[in-house]
Number of protein chains: 2
Amino acid sequence: MNDSAPIGVFDSGVGGLTVVREIMRQIPNEKIIYFGDTARVPYGSKSKETVTRYSRQIIRFLEKQNVKAIVVACNTASAYALDELEKVSDIPMLGVVKPGARTASDVTRNGRIGVIGTEATIGSRIYSRYIKEINPGAEVLGKACPLFVPLVEEGLLNDPVTDEIAIRYLSSLIDSGIDTLILGCTHYPLIRATVGKVMGEGVTLVNPAYETARELRELLERGHLLHQVRPELGTNQYQFFVSDAADKFIRFANSIIKYGILSAKTIHIEEY
Amino acid sequence: MNDSAPIGVFDSGVGGLTVVREIMRQIPNEKIIYFGDTARVPYGSKSKETVTRYSRQIIRFLEKQNVKAIVVACNTASAYALDELEKVSDIPMLGVVKPGARTASDVTRNGRIGVIGTEATIGSRIYSRYIKEINPGAEVLGKACPLFVPLVEEGLLNDPVTDEIAIRYLSSLIDSGIDTLILGCTHYPLIRATVGKVMGEGVTLVNPAYETARELRELLERGHLLHQVRPELGTNQYQFFVSDAADKFIRFANSIIKYGILSAKTIHIEEY
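What comes next concerns the included structure. (Residues numbered from 1 in each chain as written. Chains lettered and ligands numbered in written order. Predicted model: local features only at pLDDT ≥ 70, side-chain atom pairs only at ≥ 80, totals over all residues. Heavy atoms only, no water.)

1. Overview of the overall build of chain A
(1) Moving on: Of regular secondary structure, chain A possesses 11 helices and 10 strands.
(2) Moving on: In terms of overall dimensions, chain A is globule-like: its C-alpha atoms have a radius of gyration of 18 Å, near the 19 Å expected for 272 residues.
(3) Moving on: On the principal axes, the C-alpha backbone points of chain A span a range of 50 × 35 × 35 Å.
(4) Moving on: For chain A, buried positions account for 61% of its 272 residues.
(5) Moving on: Considering only contacts in chain A between residues 6 or more positions apart, those separated by 24 or more positions represent 77%.
(6) Moving on: Averaging the positions of the 31 positive and the 32 negative side-chain charges in chain A gives two centres separated by 1 Å. (Helix = DSSP H or I, 4+ residues; strand = E, 2+ residues; numbered from the N terminus. Rg over C-alpha atoms; globule rule 2.2 N^0.38 Å. Buried < 20%, exposed > 50% of the residue type's maximum accessible area, 1.4 Å probe, protein only. Contact = heavy atoms within 4.5 Å. Lys, Arg positive; Asp, Glu negative; His and termini not counted. Charge placed at Lys NZ, Arg CZ, Asp CG, Glu CD.)

Next comes the structure, spelled out in structure tokens:
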């Protein structure tokens, strides 16, 4: 494996760009190939079998791009498919759930940790499983927030409607006395301010993207795969692929990442 | 073609069941095979090319079920794909857009007609095109309401949040002086009460499902395909297929249709 090969990152759509943003910040020498499954988004309300089938197709696409590592930048795919994907591919792989679970376990003082995410991620209870491996005494409370993704995609990032929905979703978590809350969906960092306001200052918000980028760096270092120099100007350091509607993706992507995304290529992912 | 063959009905997910409900009411002797593309829902934010590719796969599936007619019970698929689908299949086909446009043209008194729907349906301006074929002097105002589908799917049918979002989406239509509003997405009849309250009594709401079932009856009559007697007890008069998450579909379906839906079969639609 060549250290100048790109890192493959995928998500059901645009949310994984919050992870890309962290990778760009923390390991700026790396090339990235991003795939967003915009034709089949969202994953969070789909079954394990379907999410796994879709994720396998994406892994095959990324393998063809000769990536040196793969980041599953989607909580639902990490929860449902990562174990299976690691069996079918030799490429080092990292999800967002384990890093998020580790950070929350480090951060909590009272051992009461909340997780918000899609129906799929919360229903899988995967954060609870990983947190209890680290801290068996921890108590983990999950809450699915299915409207957060459409509200973010509609751009209502600072809006009374999002506030109202957040109050409804989060009130049981406030009452439960958690001191740490995992943003267990890659869209949620975009409404971090709203969630923080509703939860109050006593609750630390954990964005798994930060820790995922840190662990990716370690993974690359261990495998002697860290790229030592910045790619030359004019090389395509960051490449974006989607399964549908590249124009819409580019608009959204540029609102998340300060790097100007000029193009995204549409591919037929079901052919992989 | 056999008059005892079933009618094929498809939608991106569960919304098309509001059309099935009308067909059950108006032509109760017919067998129905319904397909909901729950693995790839929603269609309303996807491109024309993708929606057409998905719809073609569904047509091939329905053809294999030997249906005698097909209802495209999805406004987005009707807007983007119907012309193309009619070219590739000999089976008589009906969308929901033309019937909705006809009803609105009949109902309006001042010639100012509003349409609400997905981004795709509104962006295609297809309602406007059909209405102007019937009434060239009509003025048609479209408004995309992307949050309505997730709000319905989350069950917020009578809820202050849905009211607030409806007020925002609909205020420009109220100001424009329309007297008729087409519910141009099969999910919207489920929040008819909210939309009606916001628009006020002076605006007639048009649900294309009603007129679609009426035109389907005419289509079958013209082709001597109307089934004359009720299927015998014990035959599967209504069969439901989905591309994912049959259990969730059944729960939602039973909340829309009074007929008890006991089962739905999951198929791999991309293999068709």
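2. Here we look at the packing of aromatic side chains
(1) Moving on: Inspection of the entire model under this criterion finds 18 aromatic pairs over all chains.
(2) Moving on: Ring centres of F61 of chain A and Y272 of chain A lie 5.2 Å apart, and the angle between their planes is 80°; on these two criteria the pair is classed as edge-to-face. Residue F61 of chain A is found in helix α2 (residues 48-64), and its partner Y272 of chain A is found in the segment after β10 (265-266); the two are separated by 211 residues along the sequence.
(3) Moving on: Classification of F61 of chain A by relative accessible area gives buried; the value is 1%.
(4) Moving on: Aromatic pair F35 of chain B and F61 of chain B: ring centres 5.7 Å apart, planes at 55°, arrangement tilted. Here the residue F35 of chain B occupies a position in strand β2 (residues 32-36), and F61 of chain B occupies one in helix α2 (residues 48-64), the gap between them amounting to 26 residues.
(5) Moving on: The rings of F35, F61, F241 and Y272 of chain A are connected pair by pair, giving a single aromatic cluster.
(6) Moving on: Here the guanidinium or amino end of R129 of chain A rests over the ring plane of Y130 of chain A, the centre of that ring lying 5.4 Å away. (Phe/Tyr/Trp six-rings, centres within 6.5 Å; stacked < 30°, edge-to-face > 60°. Lys NZ or Arg CZ within 6 Å of the ring centre and 35° of its normal.)

3. So, the sheet that holds β10 of chain A
Sheets are built from strands paired through backbone hydrogen bonds, the pairs being either parallel or antiparallel.
Residues and elements named next belong to chain A.
(1) Moving on: The strand order across the open sheet built from 6 strands is β4-β3-β1-β2-β9-β10, with neighbouring strands paired in parallel fashion. Edge positions in the open sheet fall to β4 (93-95) and β10, since each of these has one partner strand only.
(2) Moving on: With 2 bridges connecting them, strand β9 (residues 238-242) and β10 associate as parallel partners. Note on β10: the bridge partner recorded for V242 is T266.
(3) Moving on: Strands in contact with α2 are β1 (7-11), β2 (32-36), β3 (69-72), β4 and β9; relative to β1, the strand with the most contacts, it is inclined by about 155°. (Pairing = 2+ DSSP bridges. Axes fitted to C-alpha atoms, helices over the stretch in contact; angles between N-to-C directions.)

4. Re the nonpolar core
(1) Moving on: With 122 residues, the main nonpolar core has F148 of chain A together with F148 of chain B as its most contacted residues.
(2) Moving on: The residues touching F148 of chain A, leaving out its near neighbours within four places in the chain, are I116, I165, A166, Y169, Y188, I191 and V195 of chain A. (Core = buried A, V, L, I, M, F, W, Y, C linked by side-chain atoms within 4.5 Å.)

5. With respect to the relation of the copies chain B and chain A
(1) Moving on: Superposing chain B onto chain A takes a rotation of 180° combined with a translation of 0.0 Å along the rotation axis, leaving an RMSD of 0.0 Å. Taken together, the rotation and translation describe the operation of a two-fold axis. Looking at the rotation axis and the C-alpha trace of chain B, the residue lying nearest is R40 of chain B, at 2.4 Å.
(2) Moving on: Interface overlap between copies: 100% of the residues of chain B at the interface are likewise at the interface in chain A, consistent with a symmetric, same-surface contact. (Least-squares fit on C-alpha atoms with pLDDT ≥ 70 in both.)

6. Section: the interface of chain B and chain A
(1) Moving on: The partner chain A presents 31 residues to the 31 residues of chain B that form the contact.
(2) Moving on: Of the roughly 2,400 Å² buried at the junction of chain B and chain A (both faces included), carbon and sulfur atoms supply 47%.
(3) Moving on: Among the ionic pairs, R168 of chain A bridges to D159 of chain B, the shortest N-O distance being 2.7 Å.
(4) Moving on: Remark: the boundary between chain B and chain A carries 17 residue pairs in polar contact (both at pLDDT 80 or more).
(5) Moving on: Of all elements in the fold, only α2, α7 (148-153) and α8 (160-175) of chain B reach the threshold of two or more residues within the side of chain B that touches chain A.
(6) Moving on: When residues in the side of chain B that touches chain A are grouped by element, the largest group, 6 residues, is from α8 of chain B.
(7) Moving on: Grouping the constituent residues of the side of chain B that touches chain A by class yields 13 nonpolar, 6 polar and 12 charged. (Buried area = accessible area lost by both parts, 1.4 Å probe. Salt bridge = Lys/Arg side-chain N within 4 Å of Asp/Glu carboxyl O. Polar contact = N/O pair within 3.5 Å; in protein donor to acceptor, adjacent residues only side chain to side chain. Nonpolar A, V, L, I, M, F, W, Y, C, P; charged D, E, K, R; others polar.)

7. Let's talk about the sheet that holds strand β10 (residues 265-266) of chain B
Residues and elements named next belong to chain B.
(1) Moving on: Strand order in the open sheet formed by 6 strands is β4-β3-β1-β2-β9-β10, and the pairing between neighbours is parallel. Only two strands of the sheet have a single partner each, and these edge strands are β4 (93-95) and β10.
(2) Moving on: Where α2 meets the sheet, its contacts fall on β1 (7-11), β2, β3 (69-72), β4 and β9 (238-242), and the angle it forms with β1 comes to roughly 155°.
(3) Moving on: Across the face of the sheet, helix α3 (residues 75-88) comes into contact with β1, β3 and β4 while running at roughly 165° to β4.

8. Remarks on unusual backbone geometry
Residues and elements named next belong to chain A.
(1) Moving on: Cis geometry is adopted by the peptide bond preceding P42, which originates at V41 and carries an omega value of 0°.
(2) Moving on: With respect to the secondary-structure elements, P42 resides in the loop between β2 and α2.
(3) Moving on: The phi dihedral of A245 falls on the positive side, at around 55°, and the residue is not glycine.
(4) Moving on: Among the structural elements, A245 can be located in the loop between β9 and α11 (246-256).

9. Details of the pairing of β9 of chain B
Residues and elements named next belong to chain B.
(1) Moving on: A large share of β9 lies buried, amounting to 4 of its 5 residues.
(2) Moving on: The pairing of β2 with β9 spans 5 bridges and is parallel. Within β9, the residue paired with G36 across the bridge is V242.
(3) Moving on: Traced from β9 through helix α11 (residues 246-256) to β10, the parallel crossover comes out right-handed. (Right-handed = clockwise from strand over helix to strand, strands pointing away.)

10. Describing the pattern of salt bridges
(1) Moving on: Enumeration over the complete set of coordinates arrives at 34 salt bridges over all chains.
(2) Moving on: Residues E221 of chain A and R217 of chain A are paired through a salt bridge, measuring 3.3 Å at the closest nitrogen-oxygen approach. Taken as a pair, E221 of chain A and R217 of chain A lie in helix α10 (residues 208-222) at a separation of 4 residues, close to a single helical turn.
(3) Moving on: In this structure, E218 of chain B and R214 of chain B form a salt bridge, with 2.8 Å as the shortest nitrogen-oxygen distance. One end of the pair, E218 of chain B, and the other, R214 of chain B, are both in helix α10 (residues 208-222), 4 residues apart, so they sit about a helical turn from each other.
(4) Moving on: Connected through salt bridges with shared partners, the residues E49 and R53 of chain A together with E270 of chain B form a single ionic network.

11. Observations regarding the environment of I178 of chain B
Residues and elements named next belong to chain B.
(1) Moving on: Along the polypeptide, I178 turns up in the loop between α8 and β7 (180-183).
(2) Moving on: The exposure class assigned to I178 is buried, which follows from its relative accessible area of 7%.
(3) Moving on: Each C-alpha atom of the pair I178 and E139 lies 8.8 Å from the other, and the pair is 39 residues apart in sequence.
(4) Moving on: In this structure, I178 is in contact with N110, R112, I113, G114, L141, L173, M199 and V203, ignoring residues within four places of it in sequence.

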